[in-house]
Amino acid sequence: MSAITELPVFGLALTLSVYLLSALLYQRLGRPGLLSPVLVTVIGVALVLEVTGLPYAVYMQQVTVLTLLLGPATVALALPLLRNGRALLSSAPAVLVTLVVGGAVSVAVTVGAMVAFGAGEDMLLAALPRSVTSPVGLSIAETLGASVPLAVVLTLISGTLGAVVGPALLNLARVRDERARGFAIGLTSHGIGTSRALAESPVTGGWSSAGMVLNALAMTLVLPLVAYLVTG
């Protein structure tokens, strides 16, 4: 078993296989939120790593090509933003207010939850960029001196939960406007949520891209200041 798991291509083959199978299952069953391919892939890969005893550091080396493609993939998600640029500018006041309020609530909830549960400084710093798209969030984590692997996990959890639960919550709140739905998902669930929003409609996906990109830019400026104020 160790001879197989230590092959340079094992992690890559495992990740792609689990994702393709989960994507097929997701489509066949009508795209239920709890069977999001990203969520299923994370759980499936984690179980395999646990069973085989393959160290996480070794796995990350095996999937380096996927890590390198993360940046271009995130840029590609911003393409719908260009198609909705005029609509975004026409709603600039509402967009700015939503960005400020949404970002403030996100940071306040994160800091409040960490403090309430007695989390240490390392956990707090790693949790701050949880709502920022992964490539930017990892850069912020490094800037803050936080644990990058922990930041990755928290970012994935935040994005996956947003993609799974977000649309249902918006339906429950009777939010029907495609622009509002997309911007809310992108603001809180970054790339993972945006991929789910694109499945709803191009407009929802475009506004989700807008939320993701604008939130990443804002948090790059704000989070170092918040970390300084919180940690003293």
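The chain goes by LrgB family protein in an unreviewed UniProt entry, where it is assigned to Candidatus Brachybacterium merdavium. Check the Subcellular location (unreviewed entry) section of the UniProt entry for the chain; it says "Membrane".

A.B. asks: Mind showing me how you'd approach a nonpolar patch on the surface here?
C.D. replies: A cluster of nonpolar residues, V153, I157, L161, V165, L169 and L172, forms a patch on the protein surface that exposes about 560 Å² of accessible area. On the secondary structure map, V153 appears in helix α11 (residues 148-172). Residue V153 is classed as partly exposed on the basis of its relative accessible area of 41%.

A.B. asks: Is there a simple way to think about the packing of aromatic side chains in this case?
C.D. replies: For any two aromatic rings, the description comes down to two numbers: the centre-to-centre distance and the angle of the planes. All told, the structure shown has two aromatic pairs when counted by the stated rule. Relative to Y59, the ring of Y56 has its centre 6.5 Å away and its plane inclined at 35°; by these criteria the two rings are tilted. With a gap of three residues between them, Y56 and Y59 both fall in helix α4 (residues 56-62), about one helical turn apart. According to the relative accessible area criterion, Y59 is buried, its value standing at 9%. Ring geometry for F183 against W207: centres 6.4 Å apart, planes inclined by 65°, an arrangement best described as edge-to-face. Placement of F183 in helix α12 (residues 178-200) and of W207 in helix α13 (residues 202-231) is noted, with a sequence separation of 24 residues between them.

A.B. asks: Could you clarify how one ought to interpret the UniProt feature "transmembrane region" (unreviewed entry) in the chain in this entry?
C.D. replies: Mapped onto this numbering, the UniProt entry gives "transmembrane region" (unreviewed entry) at residues 6-26, 38-57, 63-82, 94-119, 148-170, 182-199 and 211-230. Along residues 6-26 the backbone is 81% helical and 0% strand, and the end-to-end C-alpha distance reaches 30 Å. Secondary structure within residues 148-170 divides into 100% helix and 0% strand; the distance between the first and last C-alpha atoms comes to 31 Å.

A.B. asks: What am I meant to see in the nonpolar core here?
C.D. replies: A general feature of soluble globular proteins is that nonpolar side chains tend to end up buried together. By size, the foremost hydrophobic cluster in this structure holds 19 residues, and its most contacted members are V107, V111, L128, V132, I140, M219 and L223. No other element matches α13, which puts five residues into this core. In this structure L128 touches T110, V111, L144, L223, V226 and A227, once residues within four positions along its chain are discounted. One finds L14, V18, L54 and Y59 within the second-largest nonpolar core, a separate group that totals eight residues.

A.B. asks: Is there a simple way to explain unusual backbone geometry in this structure?
C.D. replies: Of all residues except glycine, most have a negative phi; of all peptide bonds, most are trans. A positive phi angle, near 60°, is found at R174, a position not held by glycine. Summarising the element assignment, R174 is placed in the loop between α11 and α12.

A.B. asks: What am I meant to see in the pattern of salt bridges here?
C.D. replies: Where charged atoms from two side chains of opposite charge come close, those side chains can pair. This model, assessed by the stated rule, comprises two salt bridges. Where R179 meets D177, a salt bridge forms, and the shortest distance between an N and an O atom there is 3.0 Å. Take R179: its relative accessible area is 38%, and that puts it in the partly exposed class. In this structure D177 comes out as partly exposed when scored by relative accessible area, which is 33%. Ionic pairing is found between R181 and E200, a salt bridge with its closest N-O pair at 3.1 Å. According to the relative accessible area criterion, E200 is partly exposed, its value standing at 33%.

A.B. asks: Just to check I follow, could you spell out the packing of helix α2 (residues 10-28) against helix α3 (residues 37-52) for this structure?
C.D. replies: Between two packed helices, what matters for the description is the angle formed by their axes and the separation of those axes. Interhelical geometry of α2 versus α3 gives an angle of 140° and a closest axis separation of 9 Å. Relative to α3, the element α2 is oriented oblique. Seen along the crossing, α2 lies across α3 with a hand that is right-handed. Mapping the contact onto sequence places F10, L14, T15, V18, Y19, S22, A23 and Y26 in α2 and P37, V38, V40, T41, G44, V45 and V48 in α3. Grouping the constituent residues of the contact of α2 with α3 by class yields eleven nonpolar, four polar and no charged.

A.B. asks: How do you make sense of helix α10 (residues 134-144) when you look at a structure like this?
C.D. replies: Residue pairs spaced three or four apart in an α-helix point in one direction, given the helix's 3.6 residues per turn. Every buried residue belonging to α10 is among S134, G137, I140, A141 and L144, and all of these are buried. Relative to the axis of α10, the buried residues are bounded by an arc of 120° and lie together on one face. Away from its buried face, by an angle of more than 90 degrees, α10 presents the exposed residues E142 and T143.

A.B. asks: It is not clear to me how α11 should be interpreted in this structure. Could you clarify?
C.D. replies: Look at α11: 35 Å from first C-alpha to last across 25 residues, which is about the 36 Å you get at 1.5 Å a residue. Its maximal kink placed at V165, α11 deviates by approximately 40°, while the proline P167 follows within four residues. Looking only at α11, the buried set comprises A151, T155, S158, G159, T160, G162, A163, V164, G166, P167 and L170. Positive phi appears at R174, one or two residues downstream of α11, with a value of about 60°.

Conventions and cut-offs
- Residues numbered from 1 in each chain as written.
- Predicted model: local features only at pLDDT ≥ 70, side-chain atom pairs only at ≥ 80, totals over all residues.
- Heavy atoms only, no water.
- UniProt positions renumbered as here; feature names shortened; annotations may be inferred.
- Patch = residues over 30% accessible without salt bridge, like charges linked within 9 Å, V, L, I, M, F, W, Y side chains within 5 Å.
- Areas by Shrake-Rupley, 256 points an atom, 1.4 Å probe, with all protein chains shown as cover.
- Salt bridge = Lys/Arg side-chain N within 4 Å of Asp/Glu carboxyl O.
- Helix = DSSP H or I, 4+ residues; strand = E, 2+ residues; numbered from the N terminus.
- Buried < 20%, exposed > 50% of the residue type's maximum accessible area, 1.4 Å probe, protein only.
- Phe/Tyr/Trp six-rings, centres within 6.5 Å; stacked < 30°, edge-to-face > 60°.
- Core = buried A, V, L, I, M, F, W, Y, C linked by side-chain atoms within 4.5 Å.
- Contact = heavy atoms within 4.5 Å.
- Axes fitted to C-alpha atoms, helices over the stretch in contact; angles between N-to-C directions.
- Parallel < 35°, antiparallel > 145°, perpendicular 65-115°, else oblique.
- Left-handed = near helix turned anticlockwise from the far one by under 90°.
- Nonpolar A, V, L, I, M, F, W, Y, C, P; charged D, E, K, R; others polar.
- Arc of directions from axis to C-beta.
- Expected span 1.5 Å × (residues − 1).
- Bend = angle between axes of the 7 residues up to and from the residue.

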